[in-house]
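# Coordinate analysis (summary)
As a plain string of letters, each chain reads:
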Amino acid sequence: MQLKIMPKKKRLSAGRAPLMLFLCQMISALEVPLDPKLLEDLVQPPTITQQSPKDYIIDPRENIVIQCEAKGKPSPSFSWTRNGTHFDIDKDPLVTMKPGSGTLTINIMSEGKAETYEGVYQCTARNERGAAISNNIVIRPSRSPLWTKEKLEPIILRNGQSLVLPCRPPIGLPPPIIFWMDNSFQRLPQSERVSQGLNGDLYFSNVLPEDTREDYICYARFNHTQTIQQKQPISVKVISVDELNDTIAANLSDTEFYGAKSHRQRPPTFLTPDGNTSRKEELRGNVLSLECIAEGLPTPIIYWIKEDGTLPINRTFYRNFKKTLQIVQVTEADSGNYQCIAKNALGAIHHTISVTVKAAPYWIIAPQNLVLSPEEDGTLICRANGNPKPRISWLSNGVPIEIAPDDPSRKIDGDTIIFSKVQERSSAVYQCNASNEYGYLLANAFVNVLAEPPRILTSANTLYQVIANRPALLDCAFFGSPLPTIEWFKGAKGSALREDIYVLHENGTLEIPVAQKDSTGTYTCVARNKLGMANNDVHLEIKDPTRIIKQPEYAVVQRGSTVSFECKVKHDHTLIPTVMWLKDHGELPNDGRFTVDKDRLVVADVNDDDGGTYTCVANTTLDNVSASAVLSVVAPTPTPAPIYDVPNPPFDLELTDQLDRSVQLSWTPGDDNNSPITKFIIEYEDAMHEPGLWHHQTEVPGTQTTAQLKLSPYVNYSFRVMAENNLGRSLPSEASEQYLTKAAEPDKNPTAVEGLGSEPDNLVITWKPLNGFESNGPGLQYKVSWRQKDGDDEWTSVVVANVSKYIVSGTPTFVPYLIKVQALNDAGFAPEPAAVMGHSGEDLPMVAPGNVRVNVVNSTLAEVHWDPVPLKSIRGHLQGYRIYYWKAQSSLTRNRRHIEKKILTFQGSKTHGMLPGLEPFSHYTLNVRVVNGKGEGPASPDKVFNTPEGVPSAPSSLKIVNPTLDSLTLEWEPPSHPNGILTEYTLKYQPINSTHELGPLVDLKIPANKTRWILKNLNFSTRYKFYFYAQTAAGSGIQITEEAITTVDEAGILPPDVGAGKAMASRQVDIATQGWFIGLMCAVALLILILLIVCFIRRNKGGKYPVKEKEDAHADPEIQPMKEDDGTFGEYSDAEDHKPLKKGSRTPSDRTVKKEDSDDSLVDYGEGVNGQFNEDGSFIGQYSGKKEKEPAEGNESSEAPSPVNAMNSFV
């Protein structure tokens, strides 16, 4: 703690009479310093140092901790109130108070509920000098409620329309963070067209076909409890014009088709906010967020203005594609009218938001602690502002001052308490409360009446070092009550500081504005009040400034040459300088062309990029100086074109300063061939271990011709050098003389040490051995040590040759071992290695998982739980658990079949897992086994379970045969996957008239044992559509559909009805069974027979009778009407007889409907029905007209018989 003194300076003039200088200080607020020695015996009222926030939202899953820490002398005691009344923590076994503290811990994790402890808490810290109180701490548990269940209908709209997807998250505490994602947990892309509003809703200015999806999901993340709640997915389908017209074509009239435009363009309108104006209120210091989201086509753009001013530049931010305007740290000056403008090519619209900024109370002057001596005066000031203006109220030791014990030394004047001639009993803690409707401020400030002699808090004999001609500040922190006066002396003889070169600060600091060499010496600070005196010595040393006596000079050099800058520094002999170089105020390039010597920077092979300002900076612990010079790079003087090549190899290699671990190599560079050498590469050969193989040793800059090389023991070295320039690398130099270093113990140990058992009773220790270069001497071996990790056994060690493996036999199964492998040679041991942990060999687990339980979730999913196997029984590294399960037999058929076992493995120590993909209504068996690195353990006892019934698949087929005037016969095959016991079949059918309109639906239940059904009392010559599905106890299965027609009335044949460009179905009758037709055929046959007899007789008589010509000239009147162009008995045809089949026709002629075709209806086909029937009455034609005549199959005819056909059959 330190003395609080106004930042003023007092200047001492030479004309003052006193021999000593006094620092006279006005009585003012004095805070007790945080000096440990001072606090040991200094009485002080309580001060709250830490407390929980005013609005304290807790996690209901964790214990409640309400903080309250305070300091004071003597140490304060603590008490609490809850909802304004005393909170007796001793009566609640779940509540404990931290020793020496007021912090409460409420143990709700054991049995309590967080809601029980909701309320307003306040802590009081009290000692003999007063009582300090905390803020009112409102405790509320966080809440993350689930979404209300709701049924969300799919949304279908046209391309270009606007859309708002509501989120409406559950109300939580604190409010959740809202975001939209899909089923894959990927955030939905947002843009100027699609964006999320402040309320969480998702707004579409206009929709596009790519917006179609079934997984618009709103998520609410409750950060306090780290939970995320999900709304039901919303399905959106955007229909394009073509899709819309297809739908209209199937359901509406021709006049209702849409044009080519998707949706008409329109000017903007606001989706939010509503109306032309709105109001917004925000608190000072918060973030003001204003939002405008518009719809329109094309997508509108949003602009913002402030009507009566400008937007603050540094505090204004645009979010959400400029749809949200944010102003941070909002103030009352930000009140006013803000206007958002939405504009597109068709127009603009605006909305005005009237903003009012209110303010919770904030401090102007917060009350400060007062330390006064008896009979002194002082004031406590509590000044706050807000909108509306806050009300100020005072408390003394936590009690409203109106009812607190009277103190004659104090007087209350609004926001100020004035103290006059205080006494020791005036010590107390005062609370100032500033409040308005938006909040409150509470501050504790104590008045501590003390009588203390002076104390100097600055460390004794502190040394200050200052550069000559700079200011020197000598500290003298002090405390005392009454407030001491300060005086300074210099030297042992106590010479007074009376010259005007000194400045005395009110906090006791002595300032020497311009320190000189003669300012060096010892200075004494003396503090006095009426209760005593204290003094302290400090020492001042004046150092010579650092100077650059030789500065770098401006240079102009040619490209490719070398330049140097000089920088010589002079400094105080007691300071150690560091010199660094900068280029253009930054670090030098990381380039070997730049070399820094003691006083010089050298740049070799200068290029254009090297031009710039070079600065030399000299630093000491007390000062720094710098000097700069500019380098200009120019083109070289034209010379005859040189020949550029790689350098010639270096020569004259020489080894000097030969030591055990280092040697110096020097050489002479070869010719650089007009390209400066940039670096030298040094390589070495180990003739003892790897003769003929050269390794990289080091590289040095091209300006250097010597190198200090680090060596390893027991290596027979040879060196060679290569030079390199911008064109490449030279050939190697001749090898140097050989140099054999002395042997030494290894510097390192083997790496990759591992201990793994290959058998249950062994431990295989492996490592990566050292190479010959790393051996450091002859006789390389390894000391292998091991012991059990959890036992008290001594280390067992063995020395092995230069190998990489050692096997320890006779070990217990899967026991942890500590292992060390240490290298050694004839010279000694390597450093002690670190121990690594391994395990002896694994064995198969001994015990099966117990207490296996199966919970059947649904007809295809089951959850399996088991108890874990004890670790000792696993006898190895736990890999996981493996479930074997198989379908023993069907619960329906109970037929024994080949058993195919399936396996699911669950990694780690999991004790439950899910079995997916089960077959409904089946009998399953499973067992569980534990798995380690060796394999599987024994299986648990088999657990049997049955899956419940599911809904059946669709019937395998549905055929309609034997049509008559008023009946149809249905034949079908049961579902291939009944998934349970079939209870019945459901048949629904309805008639279809000539305009494709559906009639009333008839619902019929059929016993499950039936595969054939005859429908009677049907209308003749009528098309029917059938819907057929099976049922089990679990529900209805997938339906298939079929269509068929009853035969026509026998009284006649209905002609085809062709109109409005749409061909209707050609209805034909099987006339082969009609009486009149049979009589006609007999007459025709008899006539032909008579003609043949007559012709035969004429020929036998020698005469010629041209039968064919007679027939052509005298056509039989019975035959003539049978021609197709007559239309009486001929086969119906239209102009499109030879067109290919339309794509919409998918019903095969045998009336067997596959599952994927079962949803077809008359609406799916073109222009009416134009088919024909077999002799048995089944429909074999197609919709939208017959394209080609198909060959008859079997004995069936593909067309109705006619008199012509019958006649031709006789010929």
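Residues numbered from 1 in each chain as written. Predicted model: local features only at pLDDT ≥ 70, side-chain atom pairs only at ≥ 80, totals over all residues. Heavy atoms only, no water.

Under an unreviewed UniProt entry, the name given to the protein is Neuronal cell adhesion molecule, and the organism recorded is Bos indicus x Bos taurus. Database annotation for the protein, UniProt heading Subcellular location (unreviewed entry): "Cell membrane". Annotation of the protein in UniProt includes, under Sequence similarities (unreviewed entry), the sentence "Belongs to the immunoglobulin superfamily. L1/neurofascin/NgCAM family." (UniProt positions renumbered as here; feature names shortened; annotations may be inferred.)

## Structural notes on the overall build of the protein
Secondary structure summary: the protein contains 6 helices and 91 strands in total. Each of the 1211 residues in the protein was classed as buried or not, and the buried ones make up 42%. Total accessible area on the protein is roughly 63,900 Å²; 51% of this is exposed by carbon and sulfur atoms. (Helix = DSSP H or I, 4+ residues; strand = E, 2+ residues; numbered from the N terminus. Buried < 20%, exposed > 50% of the residue type's maximum accessible area, 1.4 Å probe, protein only. Areas by Shrake-Rupley, 256 points an atom, 1.4 Å probe, with all protein chains shown as cover.)

## Examining a nonpolar patch on the surface
A contiguous nonpolar patch, built from Leu-1086, Leu-1089, Ile-1090, Ile-1093, Val-1094, Phe-1096 and Ile-1097 and spanning about 660 Å² of accessible area, is present on the exposed surface. One can find Ile-1097 in helix H4 (residues 1075-1100). (Patch = residues over 30% accessible without salt bridge, like charges linked within 9 Å, V, L, I, M, F, W, Y side chains within 5 Å. Salt bridge = Lys/Arg side-chain N within 4 Å of Asp/Glu carboxyl O.)

## As for the environment of Ile-819
Assignment of secondary structure puts Ile-819 in strand S72 (residues 816-825). Overall, the relative accessible area of 0% leaves Ile-819 in the buried class.

## Observations regarding the pairing of strand S15 (residues 177-181)
Here S15 lies mainly inside the structure; 4 of its 5 residues are buried. Bridge count between S15 and strand S18 (residues 213-222): 5 bridges; the pairing is antiparallel. Bridged to Phe-179 within S18 is Tyr-219. (Pairing = 2+ DSSP bridges.)

## Regarding the pairing of strand S38 (residues 439-449)
The element S38 is extensively covered by neighbouring structure, given that 8 of its 11 residues are classed as buried. With 3 bridges joining them, strand S30 (residues 370-372) and S38 adopt parallel strand pairing. When the sheet's bridge partners are listed, Leu-370 is paired in S38 with Val-447. Two elements, strand S37 (residues 428-436) and S38, share 9 bridges in a ladder whose sense is antiparallel. Looking at S38, one finds that Ala-428 is bridged to Val-447. Linking two consecutive strands that pair antiparallel, namely S37 and S38, is a turn of 2 residues.

## Regarding the packing of aromatic side chains
Applying the stated criterion to the full structure yields 21 aromatic pairs. Ring geometry for Phe-179 and Tyr-219: centres 5.7 Å apart, planes at 5°, overall stacked. A residue pair is termed long-range when its members are at least 10 positions apart, and Phe-179 in strand S15 and Tyr-219 in strand S18 qualify at 40 residues. Tyr-219 carries the same exposure label as Phe-179, and that label is buried. One aromatic cluster is present, formed by Tyr-684, Tyr-717, Phe-719 and Phe-773 through successive ring pairs. In this arrangement the basic side chain of Arg-82 is found over the ring face of Phe-87, its NZ or CZ atom lying 5.9 Å from the centre. Its guanidinium or amino end placed over the ring of Tyr-318, Lys-322 lies 4.8 Å from that ring's centre, counting from NZ or CZ. (Phe/Tyr/Trp six-rings, centres within 6.5 Å; stacked < 30°, edge-to-face > 60°. Lys NZ or Arg CZ within 6 Å of the ring centre and 35° of its normal.)

## A closer look at the confidence of the model for the protein
Across the protein, the average pLDDT comes to 82, with 82% of residues at or above 70. Residue range residues 252-262 is modelled with pLDDT below 50. Its contacts to residues more than four positions away, or to other chains, number 15 contacts. Within the model, the stretch residues 1103-1211 combines pLDDT values under 50 with 179 contacts to residues more than four positions away or in other chains. (pLDDT = per-residue confidence, 0-100. Contact = heavy atoms within 4.5 Å.)

## A few points about the pattern of salt bridges
Within the structure shown, the criterion is met by 39 salt bridges. We note a salt bridge from Asp-59 to Arg-61, for which the minimum N-O separation is 3.0 Å. Asp-59 gets classed as buried once you look at its relative accessible area, which sits at 10%. Through salt bridges with shared partners, a single network forms among Lys-679, Glu-699, Glu-724 and Arg-729.

## What about unusual backbone geometry?
Cis geometry marks the peptide bond from Leu-173 to Pro-174; its omega dihedral reads -10°. One can find Pro-174 in the loop between strand S14 (163-165) and S15. The amide bond that connects Thr-272 to the next residue, Pro-273, takes the cis arrangement and shows omega of 0°. Of note, Pro-273 is situated in the loop between strand S21 (266-272) and strand S22 (277-283). The phi dihedral of Asn-461 is positive, around 60°, even though this residue is not glycine. Note that Asn-461 resides in the loop between strand S39 (452-456) and strand S40 (462-467).

## Side note on the sheet that holds strand S51 (residues 563-566)
Spatially, the 3 strands line up as an open sheet ordered S51-S56-S55, and their pairing is antiparallel. With one partner strand each, in any of the chains shown, S51 and strand S55 (594-596) form the two edges of the open sheet. The mean angle between the axes of side-by-side strands here comes to 15°, regardless of whether they run parallel or antiparallel. (Axes fitted to C-alpha atoms, helices over the stretch in contact; angles between N-to-C directions.)

## Describing the sheet that holds strand S36 (residues 416-419)
Two strands in a sheet stick together by hydrogen bonds in their backbones, pointing the same way (parallel) or opposite ways (antiparallel). The 3 strands lie next to each other as S31-S36-S35, forming an open sheet whose pairing is antiparallel. Looking at the sheet topology across the chains shown, the edges are occupied by strand S31 (378-381) and strand S35 (410-413). The mean angle between the axes of side-by-side strands here comes to 20°, regardless of whether they run parallel or antiparallel. Pairing of S31 with S36 involves 4 bridges; the strand directions are antiparallel. In the sheet register, Leu-380 faces S36, and the bridge partner there is Ile-417.

## Side note on the environment of Val-330
You can see Val-330 is positioned in the loop between strand S27 (324-327) and strand S28 (336-344). Sequence separation of Val-330 and Arg-284 is 46 residues, and the distance between their C-alpha atoms is 5.3 Å. Not counting the four nearest positions on each side in its chain, Val-330 is found in contact with Glu-282, Leu-283, Arg-284, Gly-285, Asn-286, Leu-288, Arg-315 and Val-357.

## Here's the deal with H4
Taking 1.5 Å per residue, 26 residues should reach 38 Å; H4 reaches 38 Å between its end C-alpha atoms and fits that length. Every buried residue belonging to H4 is among Phe-1077, Leu-1080, Met-1081, Val-1084 and Cys-1095, and all of these are buried. (Expected span 1.5 Å × (residues − 1).)

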